[in-house]
Amino acid sequence: METTLELSLEKKETVRLGKENEQLHSLLEISDSDLQQEITQLLSLITQKDTQLEQKDTQLEQKDTQLEQKDSVIEKLKNELLILRRKLFGRSSERYVKEDPNQLKLDFVGVETLPEE
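Residues numbered from 1 in each chain as written. Predicted model: local features only at pLDDT ≥ 70, side-chain atom pairs only at ≥ 80, totals over all residues. Heavy atoms only, no water.

**Section: the overall build of the chain**
Phase 1: For the chain, the count of helices and strands is one helix and zero strands.
Phase 2: Counting only residues that meet the buried cut, the chain has 1% of its 117 residues in that class.
Phase 3: Total accessible area on the chain is roughly 12,100 Å²; 57% of this is exposed by carbon and sulfur atoms. (Helix = DSSP H or I, 4+ residues; strand = E, 2+ residues; numbered from the N terminus. Buried < 20%, exposed > 50% of the residue type's maximum accessible area, 1.4 Å probe, protein only. Areas by Shrake-Rupley, 256 points an atom, 1.4 Å probe, with all protein chains shown as cover.)

Structure (structure tokens):
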């Protein structure tokens, strides 16, 4: 009798385990589809972020180009300023000051022809 009872218990246990196994498989299938959706959404997000990063990289390259151009202009203006300062404030032999058209002039015409004293 014990063997029949044991067989009956084993059969019930097998049926119970079979049902649990089916439930677990159905949960795994649901989880797999949920995981697939989540993976798809994450891949989409990664693609969007990659696109945004590429746009930001392009913007940074443009900004770098603009900075290089501005640095070039600044360097050119510094050199021009240095040259102008040398002309204006350098030694008198190097100095060049543009004549003011409103400046009164002394007329020395005929100085050579004046009689000596």
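Picking up where we left off.
**Considering a nonpolar patch on the surface**
Phase 1: Taken together, the side chains of L35, I39, L43 and I46 define a hydrophobic patch exposed on the protein surface, amounting to about 380 Å² of accessible area.
Phase 2: Positionally, L43 belongs in helix α1 (residues 2-89). (Patch = residues over 30% accessible without salt bridge, like charges linked within 9 Å, V, L, I, M, F, W, Y side chains within 5 Å. Salt bridge = Lys/Arg side-chain N within 4 Å of Asp/Glu carboxyl O.)

**Re the pattern of salt bridges**
Phase 1: Going through the model one piece at a time under the given rule, you end up with three salt bridges.
Phase 2: In this structure, E20 and R16 form a salt bridge, with 2.4 Å as the shortest nitrogen-oxygen distance. Taken as a pair, E20 and R16 lie in helix α1 at a separation of four residues, close to a single helical turn.
Phase 3: Look at E20 and you get partly exposed, because its relative accessible area is 34%.
Phase 4: Take R16: its relative accessible area is 37%, and that puts it in the partly exposed class.
Phase 5: Note that E80 is salt-bridged to K76, the shortest N-O span being 3.8 Å.

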